[in-house]
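# Per-entry structural report
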Amino acid sequence: MEHCREVLQKITFDAGDVLVTNLYRPILEILDDTSGGGHDTLIAACSAAMYVRAGAGGDHPNCAANLNKALAGQGRSCPVTPAPWNLFMLAPVRDGQAIDYVRPTCPPGGFVEVRALIDCLMVFSACPDDVYPTNGGDGSPCDVALEVIRRSLTD
Ligand SMILES: [Zn+2]
């Protein structure tokens, strides 16, 4: 995310933006976003350490563990959890320095469509955070769908 923020010169991304890898290779193009946007790029993936700090215990499900579990299923590992693109999570900057954690505003049926520009492995975690209000604040799950459409890059 830090490389994308640098290249795009902003902290949230919009349709038409191209995200880059840590080696500045274009990797994803945002084709459409009907969610209202503002997807957070600043906040680390939730982790056992975060939940310990928040008093929720180290065995709380978390996105860092979900990432490692998904990678292990692919025979891969990632010793350092990369900065995530927190789709549908809003943590706007207030007064140029403070971060507000707010409830999501994505309308039912809202979506983000991206196009992979190179072969990539994408890992999604349905964030189990029930400490901050960024997942709705009431701890109730909601349906999320992920669809992968295989197309040629010339389509
Ligand atoms: Zn999470």
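In what follows, the structure referred to is the one given above.
Below is a summary of the structure that appears in this document. Per-chain numbering applies: the sequence of each chain, read as written, is numbered from 1 onward. Owing to the predicted nature of the model, reporting of local features is limited to residues with pLDDT of at least 70; listing and counting of side-chain atom pairs is limited to 80 or more, with chain, interface and lining totals taken over all residues.

## A closer look at the overall build of the protein
Each helix is a run of H or I in the DSSP string that is no shorter than four residues. Each strand is a run of E no shorter than two, and both are numbered from the N terminus. Of regular secondary structure, the protein possesses three helices and five strands. Going residue by residue from the N terminus, the α and β elements of the protein occur as α-β-β-α-α-β-β-β. Judged by the C-alpha coordinates and their principal axes, the protein covers about 50 × 40 × 30 Å. Throughout, a pair of residues is in contact if the C-beta atoms placed from their backbones lie within 7 Å. Within the protein, residue pairs in contact and separated by at least 24 positions form 56% of the contacts whose partners lie at least 6 positions apart.

## Things to note about helix α3 (residues 63–73)
Turning to α3, its buried residues number three or more, namely Cys 63, Ala 64 and Leu 67. Axial view of α3: buried residues confined to an arc of 105 degrees, hence all on one face. Exposed residues lying more than 90 degrees from the buried face of α3 are Lys 69, Ala 72 and Gly 73. Just downstream of α3, Gly 75 is the residue with a positive phi angle, here 70 degrees. Once C-beta atoms are placed from the backbone, each residue is buried if 20 or more other C-beta atoms lie within 10 Å of its own, exposed if 12 or fewer, and partly exposed for counts between those two. In this description, one arc is meant: the one made by directions from the helix axis to the C-beta atoms.

## A few points about the sheet that holds strand β2 (residues 26–33)
Strand order in the open sheet formed by three strands is β1-β2-β5, and the pairing between neighbours is antiparallel. Looking at the sheet topology across the chains shown, the edges are occupied by β1 (18–20) and β5 (112–116). Sheet twist, expressed as the average angle between the axes of neighbouring strands with direction ignored, equals 30 degrees. For two strands to be treated as a pair, DSSP must find at least two bridges joining them. For every element, the axis is a line fit to its C-alpha atoms; helices are fit only across the contacting stretch, and the angle between N-to-C directions ranges from 0 to 180 degrees.

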